[in-house]
Amino acid sequence: MIIAANWKMNCLKKESTILVNELIKAENLFKTSEVIIFPSFSLLSHVYSKIHSSNIKLGAQDCSFFDHGAFTGQVSVEMIIDAGCEYVILGHSERRIICNETSEDISKKLLKSFPLGLNTIICIGENLQDREDKTYLSVLKNQIKLSLSNFDKLDFNFSNNKLIIAYEPIWAIGTGKVATEQNINEVHGFIKSFIKDYFKTKINIPVIYGGSVNEDNSKDIFKIDNVDGVLIGGASLKSRSFLKIIENST
Ligand code: PGA
């Protein structure tokens with residue numbers, strides 16, 4: 001299972017050190033699942049210095065689609081790799097909504113992150129209106145088509161890195177409302193078969209679920225067919241909850 005901890009804009013050095021030390025102490029739990037933490041850019045090097053000899057992997061919450069130069073405030077793929085990252089999250093709904101990031105932007109970022117060897121998690125998800133209008137599958141389909149429009153330019157044969165889709169229904173993020181087993185199973189199955197058919201590929205793309213995952217509901221989520229892991233926000237900031245989720249995945 002992939003267990004991804006999205007810290008969002010939380011934690012200073014001191015808190016991150018406490019959290020990471022707690023995780024390292026329980027490292028024997030990490031034998032079967034791949035655990036990745038995604039701190040803010042400012043914490044990447046600091047967190048890397050604590051985890052680099054453990055089994056915990058590091059990722060960034062975003063990257064630029066430019067290589068380098070006069071792009072104030074942006075952070076390139078090379079920079080996050082230089083800080084110790086093996087993963088990046090692209091297109092989180094908070095970036096899509098707050099920063100007006102589009103699926104076209106995400107496809108340009110993917111073309112930078114994947115060839116340079118980063119495992120790349122692309123987030124997609126419908127809002128409550130789409131769910132109630134029952135248009136969610138076509139919304140998700142469009143997000144996939146556009147975010148992965150450079151799919152044929154990604155070399156899956158020679159790369160060791162993974163492309164991962166995170167299904168995060170916007171109405172479930174930070175709200176305490178979790179998608180039902182039926183919702184998750186339907187959507188994850190749909191994502192996997194749509195990618196295979198549309199991009200005519202045999203590559204198995206892992207699909208992970210995100211949205212109010214916690215220590216109580218995670219056990220049931222891991223049992224759902226087509227769930228290859230979870231992307232966790234709030235509950236990843238509390239070591240006890242996060243460790244319990246990891247334990248539930250094994
Ligand atoms: P949450 O966030 O677990 O706090 O709902 C998930 C996410 O936004 O990735």
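Preceding this section is the structure that the text describes.
Our subject in this report is the structure included herewith. (Residues numbered from 1 in each chain as written. Predicted model: local features only at pLDDT ≥ 70, side-chain atom pairs only at ≥ 80, totals over all residues. Heavy atoms only, no water.)

## Let's talk about the overall build of the chain
Working step 1: Broken down by element type, the chain carries 10 helices and eight strands.
Working step 2: The C-alpha radius of gyration of the chain comes to 17 Å, within 12% of the 18 Å expected for a compact globule of 250 residues.
Working step 3: In terms of overall dimensions, the chain has a C-alpha envelope of 45 × 45 × 35 Å along the principal axes.
Working step 4: Per-residue burial over the chain gives 54% buried out of 250 residues.
Working step 5: Total accessible area computed for the chain in this model is approximately 12,000 Å², and 50% of it derives from carbon and sulfur atoms.
Working step 6: Across the chain, 28 positive and 29 negative side-chain charges occur, with their mean positions spaced 2 Å apart. (Helix = DSSP H or I, 4+ residues; strand = E, 2+ residues; numbered from the N terminus. Rg over C-alpha atoms; globule rule 2.2 N^0.38 Å. Buried < 20%, exposed > 50% of the residue type's maximum accessible area, 1.4 Å probe, protein only. Areas by Shrake-Rupley, 256 points an atom, 1.4 Å probe, with all protein chains shown as cover. Lys, Arg positive; Asp, Glu negative; His and termini not counted. Charge placed at Lys NZ, Arg CZ, Asp CG, Glu CD.)

## Section: the pattern of salt bridges
Working step 1: Evaluated as defined, the whole model comprises 13 salt bridges.
Working step 2: A salt bridge links Lys57 to Glu34; the shortest N-O distance between them is 3.7 Å. Of the two residues, Lys57 sits in strand 3 (residues 57–60) while Glu34 sits in strand 2 (residues 34–38), which places them 23 residues apart along the sequence.
Working step 3: The class of Lys57 is partly exposed, set by a relative accessible area of 24%.
Working step 4: Residue class for Glu34 comes out partly exposed when judged on its relative accessible area of 21%.
Working step 5: Sharing partners across several salt bridges, the network here consists of Asp62, Arg95, Glu101 and Lys109. (Salt bridge = Lys/Arg side-chain N within 4 Å of Asp/Glu carboxyl O.)

## Section: the pairing of strand 6 (residues 163–167)
Working step 1: Within strand 6, five of the five residues are buried, which leaves it mostly tucked inside the rest of the structure.
Working step 2: What you see with strand 6 is no split at all: Leu163, Ile165 and Tyr167 on one side and Ile164 and Ala166 on the other are buried throughout.
Working step 3: Relative to strand 6, strand 5 (residues 119–124) is paired through five bridges, and the arrangement is parallel. Residue pairing for strand 6: Ile122 is matched across the bridge by Ile165.
Working step 4: When strand 6 meets strand 7 (residues 207–210), the two strands line up parallel, connected through three bridges. Within strand 7, the residue paired with Ile165 across the bridge is Val207. (Pairing = 2+ DSSP bridges.)

## Focus on helix 7 (residues 136–147)
Working step 1: A rise of 1.5 Å per residue sets the reference length of helix 7, with its 12 residues, at 16 Å; its end C-alpha atoms lie 16 Å apart and thus fit the reference within 8%.
Working step 2: When helix 7 is considered as a whole, its buried residues turn out to be Tyr136, Leu140, Gln143, Ile144 and Ser147. The buried side chains of helix 7 occupy one side of the element, clustering within an arc of 95° when seen end-on.
Working step 3: Where the residues of helix 7 are buried, they touch helix 4 (93–98), helix 5 (103–113), strand 5, helix 6 (128–132), strand 6 and helix 8 (181–198). (Expected span 1.5 Å × (residues − 1). Arc of directions from axis to C-beta. Contact = heavy atoms within 4.5 Å.)

## Quick look at the site of the ligand
Working step 1: With respect to spatial proximity, 13 residues lie near the ligand, and among them Lys8, His92, Glu168, Gly174 and Ser212 are the closest.
Working step 2: Here an oxygen atom of the ligand and a backbone polar atom of Ser212 are 2.8 Å apart.
Working step 3: Across the complex, the protein chains shield 95% of the 280 Å² of accessible surface that the ligand would expose by itself.
Working step 4: Residue composition of the shell around the ligand, by class: four nonpolar, seven polar and two charged. (Near = heavy atom within 4 Å. Polar contact = N/O pair within 3.5 Å; in protein donor to acceptor, adjacent residues only side chain to side chain. Nonpolar A, V, L, I, M, F, W, Y, C, P; charged D, E, K, R; others polar.)

So yeah, pure geometry; function would need other evidence.
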